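# Structural overview
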Amino acid sequence: MSQRLLLSFKGGRSTKSLPFFSFCCKLYSSRSCNEVLSNGVASRKKEINFEHLFKSCTKIYILKCLHALLAVSGKAQSIFIGTRLGNLYAHLGDVSLSQKTFCMIENKDAYTWNSMISSYVRNGHFRESLNCLNEMLSTADVKPDFYTFPPVLKACGNILDGARIHCWASKLGLEWDVFVAASLVHMYCRFQSSTFAFKIFKNMPFRDMGCWNAMISGFCQNGNAIEALSLLNEMRLEGIKMDSVTIATVLPICAQLDDIVHGMLIHLYVIKHGLELDVFVSNALINMYARFGELRHAQKVFDDMIVRDLISWNSLIAAYEQNNVPEKALKYFHEMMVNEIQPDLLTIVSLASSTAQTKNFHCCRSVHGFILRRCWIQEDVIVCNAVVDMYAKLGFIHCSRKVFDEMPVKDVVSWNSMISGYAQNGLASEAIEIYNMMKKCDDVAPNQGTWVSILPAYAHLGALREGMRTHGHVFRVALNLDVFVGTSLIDLYGKCGRLDDAMSLFYEVPRMSTVPWNAIISCHGIHGNGRVSLKLFNDMLGEGVKPDHVTFLSLLSACSHSGLVDEGKRYFHMMEQEFGIKPVLKHYGCFVDMFARAGRLETAYRFIKSMPLQPDASVWGALLGACRIHGNVELGKLASDNLFEVDPENVGYYVVLSNIYANYGKWEGVNEVRSLARDRGLKKTPGWSSVELNNKIEVFYTGNQSHPQCHEIYEELSILTAKMKTLGYTPDYTFVLQDVEDDEKEQILTSHSERLAIAYGILNTPHRSPLRIYKNLRVCGDCHNVTKLISKITEREIIVRDSNRFHHFKDGVCSCGDYW
């Protein structure tokens, strides 16, 4: 037996000279070594100090030597020694040798079985631990005890395994042991069965601190924040004090319930009971304050820490990153490196996001280089995803795609990051292309993040049919009632002109947060239903949902599109005075747009001059657009001069100013602006309109002559124009921006992209069926009048979505009331 053991643990080499014993002998003494090597057995006169040798085994090869020595001395067959060897092999990470040692023990007791089960669990061999328990249960002379079940319950891969083990624990009368019961609570909570867990908890004859923490944690894991706090209060009524684990578990609940008062009371408890020096507790406090945006308090907790670990630094960096203070996040990253704290994956994720927020491309390249030097791109998909997202947020989508294409492994987050990157950069077609590629991958299944990323892309293109097909997929995986997916569907139907469907979905999804309310308010706003948006806002307040900055952005936009100036003024002041939301530049831009659209250009300009913030492109752009509508050349020139300073690369502003000059026949000004744009290498975005028919999206550019039905389309437009003229239509040549003769101007107006799309739809759809047209630019005034007349002549509803809003044409009337 001894020789067989030696061969097993030395790869089968001869043991005659026993050269590998020398290391073990050195661990003890030269005298003991001689005694061991004399005839291969230990001297009876002198015992080897095996305890000393066991403590010296820090490597597998040393432990193998000791095992061989024990085999020669005849001690390896002892249950105690054999079990200790198996535990040590498992502790050093070699479960296979642990299992071999376990198998060589002939008369195993419960301690031996428990040790092997625990070894499997500690090393992540969960299925093997369950098999080991089954083998133990089939051995008639050894039964599990209360040490057996806690580790094996951690190994359960599903609730059926857990329930089966629960039955065994009950059968053996061990269910109410405090350790077993706590483990059962943990297990059921892990599988979202907090009801079963709470039943076990309530029936326990005795509960220690671990049991209370397990149940509170279980409620938290299952999203039952109120029940968790209720149980915490019950625990305190029973005179049990919170420990560091309880506090770290409860603090995230306060953020979840938006209850900062409760969080601060727990902080007071921490100080009162001297727990503020616990690193675990301090880290939880930093995270809690960060969730509330209370960075000053988070910083104070961090500064007062005597000992900080990696999690402390990560928590503070993430706090500044998540609250859009990237400079501070980067500052503390540099301090962390100076303090020789090595970053981990979470650090890098926060670093990449912070760098993207700075909009500094060179800084992003530095972060990318930092990651490459440590070979993290090849080693971890999470880091790759962070880099993809970083470049996408910065607008360098080609860099994102390059990193994405070179990733050795792509998970669902990788695909989602690329889809959302394209969508957020206005490249909806590319987002859909990536999504179609993802669907061909067998090892990746779309999830919530995928739907939330792809549905806005469909909404942007007006691809209603594809969006509806995706809605079917979402419904099959039961995510249609998820608040974020449901909100994306509301946005899709709203932006595709299906307001009734959007409203139906709105009343189905949970409405406890602002997310669905903001979406439906915005949808009604772009359809010109400002009064409905205001009513929805009041309903939202009535249901106890507190508005956020996006809510007021949607409200102000709705007021702007509907000419509700007085209401808009009231909500703008309400935002800060009643809800403490400080306006940002987007709110100011909407407010200026509201005055300017209503023709109150001087009021809008005075408001801009009185703003506490430096006006950006959105503010001056709103004024310039209104100057185009109301024909104010002088103020338009002033607005454009400011725009050329703050955003000189946006060709749209040059086009609007050029159009203002063209409307009044100031062709010298037109040429001057166009020359300026050319000198800066800018090109005008071509106007296009699309219509979806027969599972295909047809796109028409202004003056398109290449379509297969081109002849029929222009012939249909000629017939319609003749009918419109009998109803009093006269072409409005002010919307022709070229210095040409009148007959050419009429031809140019007739070839506008939305008219081509409407004519194509009329030719290829049944009589009186509705048409949905999507245009990338604003509808011109002449096309607006023409579409009203076409809706009357053809007895159709024509829904046109331009770059700003929706127009529902029916019976010669538009839903916008000619206000857009």
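Keep in mind that this is a model prediction, so the values were computed, not measured.

## Quick look at the overall build of the protein chain
Looking only at helices and strands, the protein chain has 46 helices and six strands in total. In summary, the protein chain has a C-alpha radius of gyration of 36 Å against a globular reference of 28 Å for 820 residues, an excess of more than 25%. In terms of overall dimensions, the protein chain has C-alpha extents of about 125 × 60 × 55 Å along its principal axes. Residues classed as buried in the protein chain amount to 50% of the 820 residues present. In the protein chain, of all internal contacts separated by at least 6 residues, the share reaching a separation of at least 24 is 60%. Counting every atom, the protein chain has about 39000 Å² of accessible surface; 53% of that belongs to carbon and sulfur. Put simply, the protein chain has 85 plus and 84 minus side-chain charges, and the middle of one group is 7 Å from the middle of the other.

## Observations regarding the nonpolar core
Of all hydrophobic cores here, the largest spans 198 residues; its most connected members are I247 and L623. With residues near it in sequence (within four places) discarded, I247 still touches M242, I266, Y269, V270, L275 and V281. Of all hydrophobic cores here, the second largest spans 27 residues; its members include Y729, L756, I773 and V786.

## A word on the packing of aromatic side chains
Summed over the entire model, instances satisfying the criterion amount to 27 aromatic pairs. An angle of 50 degrees between the planes, with centres 5.8 Å apart, marks the rings of F552 and F579 as tilted. Remark: F579 occurs in the loop between helix 36 (565-577) and helix 37 (585-597) and F552 occurs in helix 35 (residues 549-562); sequence separation between them is 27 residues. Take F552 and F579: they sit in the same class, and that class is buried. For the pair F591 and F595, a centre-to-centre distance of 4.9 Å together with 75 degrees between the ring planes defines the contact as edge-to-face. Of the two residues, F591 and F595 both sit in helix 37, four residues apart, roughly one turn of that helix. Take F595: its relative accessible area is 4%, and that puts it in the buried class. Following the ring pairs from residue to residue traces out a cluster consisting of F572, Y588, F591, F595 and F607. A cation over a ring is seen here: K331 above Y332, with NZ or CZ 4.2 Å from the ring centre.

## As for the pairing of strand 3 (residues 771-775)
Judged by how many residues are buried, strand 3 sits mostly within the fold: four of five residues are covered. Note: strand 1 (residues 688-693) against strand 3, three bridges, orientation antiparallel. Counterpart to V691 in the pairing with strand 3 is I773. For the segment spanning strand 3, helix 46 (residues 781-794) and strand 4 (residues 798-801), crossover handedness is right-handed.

## Here's the deal with the sheet that holds strand 2 (residues 696-701)
Spatially, 2-1-3-4-5-6 is the arrangement adopted by the six strands of the open sheet, whose pairing is mixed. Strands with a single pairing partner mark the edges of an open sheet, and in this sheet they are strand 2 and strand 6 (813-814). One ladder, built from four bridges, connects strand 3 with strand 4; its direction is parallel. Pairing of L771 across the sheet is with I798, part of strand 4. Here helix 45 (residues 753-764) sits on the sheet in contact with strand 1, strand 2, strand 3 and strand 4, set at roughly 15 degrees to strand 1.

## Some remarks on the pattern of salt bridges
Per the stated rule, a full pass over the model turns up 20 salt bridges. Across the salt bridge formed by R768 and E795, the nearest N and O atoms sit 2.6 Å from each other. A residue pair is termed long-range when its members are at least 10 positions apart, and R768 in the loop between helix 45 and strand 3 and E795 in the loop between helix 46 and strand 4 qualify at 27 residues. For E795, a relative accessible area of 41% puts it in the partly exposed group. Three or more residues are tied together by salt bridges with common partners; here these are R127, D161 and R164.

## Some words on the packing of helix 14 (residues 209-221) against helix 15 (residues 225-237)
Remark: helix 14 packs on helix 15, axes separated minimally by 8 Å, with the N-to-C direction vectors making an angle of 160 degrees. Of the possible angle classes, the one that applies to helix 14 and helix 15 is roughly antiparallel. In this structure, the crossing between helix 14 and helix 15 has a hand that is left-handed. For the pair helix 14 and helix 15, contact is made by M209, W212, M215, I216, F219 and C220 and by E227, A228, L231, L232, E234 and M235, respectively. When grouped by side-chain class, the residues that make up the contact of helix 14 with helix 15 number ten nonpolar, no polar and two charged.

## Observations regarding the pairing of strand 2
In this sheet, strand 2 lies alongside strand 1 in antiparallel orientation, the contact comprising six bridges. From the neighbouring strand, E692 faces strand 2, where its bridge partner is I697. Count of turn residues in the strand 1/strand 2 antiparallel hairpin: two residues, of which N694 carries a positive phi of about 55 degrees.

## Some words on the layout of surface pockets
Which parts of space are left empty comes out when a probe the size of a water molecule is rolled across the atoms. Size it by volume and the second largest pocket reaches roughly 660 Å³. Taken together, 20 residues form the lining of the second largest pocket, with Q256, L257, D258, M512 and S513 sitting closest to its centre. If you list the elements that add at least two residues to the lining of the second largest pocket, you get helix 15, helix 16 (244-256), helix 31 (483-495) and helix 33 (514-526).

## Topic: the packing of helix 22 (residues 345-358) against helix 23 (residues 361-373)
Close contact between helix 22 and helix 23 brings their axes to 9 Å; oriented N to C, the two are set at 160 degrees. Judged by the angle between their axes, helix 22 and helix 23 are roughly antiparallel. Crossing of helix 22 against helix 23: the hand is left-handed. On the side of helix 22, the interface is formed by I348, L351, A352, T355 and A356, while helix 23 contributes C363, C364, V367, F370 and I371. For the contact of helix 22 with helix 23, the per-class residue count stands at nine nonpolar, one polar and no charged.

## Remarks on the confidence of the model for the protein chain
This prediction gives the protein chain a mean pLDDT of 84; 92% of its residues lie at or above 70. Here residues 1-21 scores under 50 on pLDDT; set against residues more than four positions off or in separate chains, the count is 35 contacts. Scored below 50 in pLDDT, residues 23-45 shows 29 contacts in the model against residues more than four places distant or in partner chains.

## A closer look at the side chain of T487
On the secondary structure map, T487 appears in helix 31. Judged by its relative accessible area of 8%, T487 is buried. Apart from residues lying up to four places away in sequence, T487 is in contact with D482, V515, P516 and A519.

## What about helix 36?
Across its 13 residues, helix 36 extends 19 Å between first and last C-alpha, which sits within 8% of the 18 Å expected from 1.5 Å per residue. Within the span of helix 36, buried status applies to V565, E567, G568, Y571, F572, M574 and M575.

## Examining helix 25 (residues 381-394)
The periodicity of an α-helix, 3.6 residues per turn, causes residues three or four places apart in sequence to face the same way. In this model, helix 25 (14 residues) spans 20 Å end to end at C-alpha, consistent with the 20 Å of a helix rising 1.5 Å per residue. Most of helix 25 sits inside the fold, with ten of its 14 residues counted as buried. Of the residues making up helix 25, those classed as buried are V383, C384, N385, A386, V387, V388, M390, Y391, A392 and L394. On its buried face, helix 25 sits against helix 22, helix 23, helix 24 (376-379), helix 26 (397-406) and helix 27 (412-424). The residue sitting at the N-terminus of helix 25 and contributing the capping side-chain oxygen is D380; that oxygen lies 2.8 Å from the backbone nitrogen of I382.

## With respect to the environment of K723
Along the chain, K723 turns up in helix 43 (residues 710-726). K723 sits 259 residues away from L464 along the chain, and the two C-alpha atoms are 32 Å apart.

## Describing a nonpolar patch on the surface
A cluster of nonpolar side chains, contributed by V261, L265, L268 and I271, occupies part of the molecular surface with about 390 Å² of accessible area. As for its position among the elements, L268 is in helix 17 (residues 260-272).

## What to know about the environment of G157
Take G157: it is sitting in the loop between helix 10 (149-154) and helix 11 (159-171). Here G157 falls in the exposed class, since its relative accessible area comes to 59%. Note: C-alpha distance between G157 and M187 (30 residues apart in sequence) is 9.8 Å.

Conventions adopted
- Residue numbers here run from 1 along each chain, matching the order of that chain's written sequence.
- With the structure being a predicted model, the display of local features is reserved for residues of pLDDT at least 70 and the display and counting of side-chain atom pairs for 80 or more, all residues being used for whole-chain, interface and lining totals.
- Only hydrogens and water are set aside; all other atoms, that is, all heavy atoms of the structure, feed into the side-chain values.
- Only runs of H or I of at least four residues qualify as helices and only runs of E of at least two qualify as strands under DSSP, and these elements are numbered from the N terminus.
- C-alpha atoms define the radius of gyration, and 2.2 Å times the number of residues to the power 0.38 defines the globule rule.
- Burial classes: relative accessible area under 20% of the type maximum marks a residue as buried, over 50% as exposed, and values in between as partly exposed (1.4 Å probe, protein chains only).
- The contact criterion used throughout is that any non-hydrogen atoms of two residues lie within 4.5 Å.
- For accessible areas, the Shrake-Rupley method is used with a probe of radius 1.4 Å. Any residue's cover is judged against the shown protein chains and nothing else.
- Lys and Arg are tallied as positive, Asp and Glu as negative. Neither His nor the chain termini are counted.
- Charge positions are represented by NZ for Lys, CZ for Arg, CG for Asp and CD for Glu.
- We define a nonpolar core as any set of buried Ala, Val, Leu, Ile, Met, Phe, Trp, Tyr and Cys residues linked to one another through side-chain atoms lying within 4.5 Å.
- In this analysis, rings of Phe, Tyr and Trp, with Trp reduced to its six-membered ring, are considered paired at centre separations within 6.5 Å, and the interplanar angle assigns stacked below 30 degrees, edge-to-face beyond 60, and tilted for intermediate values.
- Over a ring means this: the NZ of a Lys or the CZ of an Arg is within 6 Å of the ring centre and within 35 degrees of the ring normal.
- By definition, two strands form a pair when at least two bridges between them are found by DSSP.
- Clockwise travel from the first strand over the helix to the second, with the strands pointing away from the viewer, marks a crossover as right-handed.
- All axes here are fitted lines through C-alpha atoms, helices being fitted over the stretch that makes contact, and every angle between N-to-C directions spans 0 to 180 degrees.
- Salt bridges are counted wherever a side-chain nitrogen of Lys or Arg sits within 4 Å of a carboxyl oxygen of Asp or Glu.
- Any angle between 65 and 115 degrees counts as roughly perpendicular, while under 35 counts as roughly parallel, over 145 as roughly antiparallel, and the rest as oblique.
- Definitions for this section: a left-handed crossing has its near helix turned counterclockwise from the far helix by less than a right angle. A right-handed crossing has that turn clockwise.
- Classes in brief: Ala, Val, Leu, Ile, Met, Phe, Trp, Tyr, Cys and Pro nonpolar; Asp, Glu, Lys and Arg charged; the others, Gly included, polar.
- The way it works is a 1 Å grid over only the protein atoms, where trapped points that fit a 1.4 Å probe form a cavity and open points with protein on both sides within 12 Å along at least five of seven lines form a pocket, and then any residue with an atom within 4 Å of a point lines it.
- Grid points are joined across faces, edges and corners, and a volume is the space filled by probe spheres set on the points.
- The pLDDT value tells you how sure the predictor is about a given residue, anywhere from 0 up to 100.
- An expected span of 1.5 Å times one less than the residue number is assigned to each helix.
- For the purposes of these results, a polar contact is taken to be a pair of N or O atoms within 3.5 Å, where, inside protein, one atom must be able to donate a hydrogen and its partner to accept one; residues adjacent in sequence count only when each atom of the pair is a side-chain atom.
- Every patch collects residues that have over 30% relative accessible area and no salt bridge, joining them within 9 Å if they carry like charges and within 5 Å if they are nonpolar side chains (Val, Leu, Ile, Met, Phe, Trp, Tyr).

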